[in-house]
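Listed here are the chains, written in short residue letters.
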Amino acid sequence: MVDSLIQWLRIQGVTEEALLLIIVLSIALSITFALVSWRTKTRLARQLEERSQDLALKSKELCVKAKEADQAASAARAAEAKAKDKQEMIETMQRTVAMQSAQLAEQSNELNAKDRTVQDREAHIDALRASLERPSEGLWSVHSSTPPSGYAEALSDRNRFILAIANQKGGVGKTTTAANVAASYANAGKRVLLIDFDYQGSLTRMILNAAGIEQHVVQDGANGARLIERQSTFDALLDLCIPIDNAIPNCRFLATNYELAKVENDLFVKYLFSDEVDGDT
């Protein structure tokens, strides 16, 4: 292509000196362009190397920062787990405190109830102390007496007849009257239950002597004291009654002795110290 260009220039009348100058200039320009290109490539290569070094340094810095970030994240997770454990411990302690508070409140209520009971007992004891200054028969009015359970129904039962012979004074014929009334009903064909609830046992001695029965049956347990101690059921009453057909036919007899006095005293003390009394103790 260069040869064709030279030939064309010669045809156009360009001299050899001009052609040589053009060739020299072309070569110079080529060398210049080559140098410029080489220097540009060298500069670009150096810049690329510097940038590569910068990138490598920055990459190392990023790796260090990533490790630091991982460590920080691990520390944060550990702190979060520790905080969670503390929170759970706090919640457990709060539940424990709430439970203990509820128990303390319940115990406080129980103590308050017991305190009120103690105060009521003290007031009751004070009332008993005051009542001791009254006549002995006034002690029975410490409690307001109410009829026992089934009292009204028992009174309305016309098929049942209960006769009580009582008097505060002695020697007025209570024992004799009771024995004779019992004998009268029994001889009339009625079934009779005769009960002696006077611990002096006057009726007991009279009936047992009339029936020819030894006194040891009373000491053996066939008496009213045992009835009260065993809880007064109908079966217990039948077990403790003594048949006295040879003295009074159709009659059963519940005897007594001085043991009843102790039972009466125990009942009286329980009556005095009881907060509530169901019926006539």
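Residues numbered from 1 in each chain as written. Predicted model: local features only at pLDDT ≥ 70, side-chain atom pairs only at ≥ 80, totals over all residues. Heavy atoms only, no water.

1. So, the nonpolar core
Alright, step 1. Leu194, Ile207, Ile244 and Phe253 are the most contacted members of the largest nonpolar core, which has 18 residues in total.
Alright, step 2. Listing elements by their share of this core, those giving two or more residues are helix H4 (174–187), strand E1 (192–195), helix H5 (202–211) and strand E3 (251–254).
Alright, step 3. Aside from chain neighbours lying at most four places away, what touches isoleucine 244 is Ile207, Ala211, Ile213, Pro249, Cys251 and Phe253.
Alright, step 4. Among the nonpolar cores identified, the runner-up in size contains 6 residues, and Ala236, Leu237, Cys241 and Leu254 belong to it. (Core = buried A, V, L, I, M, F, W, Y, C linked by side-chain atoms within 4.5 Å. Buried < 20%, exposed > 50% of the residue type's maximum accessible area, 1.4 Å probe, protein only. Helix = DSSP H or I, 4+ residues; strand = E, 2+ residues; numbered from the N terminus. Contact = heavy atoms within 4.5 Å.)

2. Quick notes on the confidence of the model for the chain
Alright, step 1. In the predicted model, the chain carries a mean pLDDT of 80, and the fraction of residues at 70 or more is 85%.
Alright, step 2. Considering each helix and strand of the chain separately, the mean pLDDT is smallest for helix H1 (residues 2–11), with a value of 66, and largest for H4, with 89. (pLDDT = per-residue confidence, 0-100.)

3. Some remarks on the pattern of salt bridges
Alright, step 1. Under the criterion given, the structure shown has 1 salt bridge.
Alright, step 2. One salt bridge in this structure joins aspartate 266 and lysine 262, with 3.2 Å as the shortest N-O distance. Of the two residues, aspartate 266 and lysine 262 both sit in helix H9 (residues 259–273), 4 residues apart, roughly one turn of that helix.
Alright, step 3. According to the relative accessible area criterion, lysine 262 is exposed, its value standing at 54%. (Salt bridge = Lys/Arg side-chain N within 4 Å of Asp/Glu carboxyl O.)

4. Focus on the pairing of E1
Alright, step 1. Going residue by residue along E1, you find Val192 and Leu194 tucked away on one face and Leu193 and Ile195 left uncovered on the opposite face.
Alright, step 2. With 4 bridges connecting them, E1 and E3 associate as parallel partners. Paired with isoleucine 195 across the bridge in E3 is leucine 254. (Pairing = 2+ DSSP bridges.)

5. A short note on the environment of leucine 272
Alright, step 1. Looking at where leucine 272 falls in the secondary structure, it is placed in helix H9.
Alright, step 2. Among the residues examined, leucine 272 registers a relative accessible area of 8% and is labelled buried.
Alright, step 3. Sequence separation between leucine 272 and alanine 127 is 145 residues, and the spatial gap between their C-alpha atoms is 9.9 Å.

6. What about a nonpolar patch on the surface?
Alright, step 1. Among the surface-exposed residues, Ile23, Ile27, Ile31 and Leu35 lie close enough to one another that they form a single nonpolar patch of about 350 Å² accessible area.
Alright, step 2. Within the secondary structure, isoleucine 31 is located in helix H2 (residues 16–131).
Alright, step 3. By relative accessible area, which is 47% here, isoleucine 31 ends up partly exposed. (Patch = residues over 30% accessible without salt bridge, like charges linked within 9 Å, V, L, I, M, F, W, Y side chains within 5 Å. Areas by Shrake-Rupley, 256 points an atom, 1.4 Å probe, with all protein chains shown as cover.)

7. Regarding the packing of H4 against H5
Alright, step 1. Two numbers describe how H4 lies on H5: the axes approach to 9 Å, and their chain directions differ by 45°. Considering their axes alone, H4 and H5 lie oblique with respect to each other. Relative to H5, H4 is oriented so that their crossing is right-handed. Contact with H4, carried on its side by Thr175, Thr176 and Ala179, involves Ser202, Leu203, Met206 and Ile207 of H5 and no other residues of that element. (Axes fitted to C-alpha atoms, helices over the stretch in contact; angles between N-to-C directions. Parallel < 35°, antiparallel > 145°, perpendicular 65-115°, else oblique. Left-handed = near helix turned anticlockwise from the far one by under 90°.)

8. Quick word on the sheet that holds E1
Whether parallel or antiparallel, the strands of a sheet pair through hydrogen bonds between backbone atoms.
Alright, step 1. In space, the 3 strands of this open sheet follow the order E1-E3-E2, with mixed pairing throughout. In this open sheet, the two strands that pair with only one neighbour each are E1 and strand E2 (242–243).
Alright, step 2. In this sheet, E3 lies alongside E2 in antiparallel orientation, the contact comprising 2 bridges. When the bridges of E3 are listed, isoleucine 242 appears paired with phenylalanine 253.

9. A few points about unusual backbone geometry
The phi torsion of most residues other than glycine is negative, and most of the peptide bonds are trans.
Alright, step 1. For asparagine 250, which is not glycine, the phi torsion reads 60° and is therefore positive.
Alright, step 2. Within the secondary structure layout, asparagine 250 lies in the loop between E2 and E3.

10. Some remarks on the environment of asparagine 250
Alright, step 1. For asparagine 250, a relative accessible area of 41% translates into the label partly exposed.
Alright, step 2. It is 5.1 Å that separates the C-alpha atoms of asparagine 250 and arginine 191, two residues lying 59 residues apart in sequence.
Alright, step 3. Beyond its immediate chain neighbours, meaning those up to four positions away, asparagine 250 contacts Ala186, Gly189, Lys190, Arg191, Val192 and Asp245.
Alright, step 4. Engagement of the side chain of asparagine 250 in a polar contact is seen with the backbone oxygen of alanine 186, the distance being 3.4 Å. (Polar contact = N/O pair within 3.5 Å; in protein donor to acceptor, adjacent residues only side chain to side chain.)

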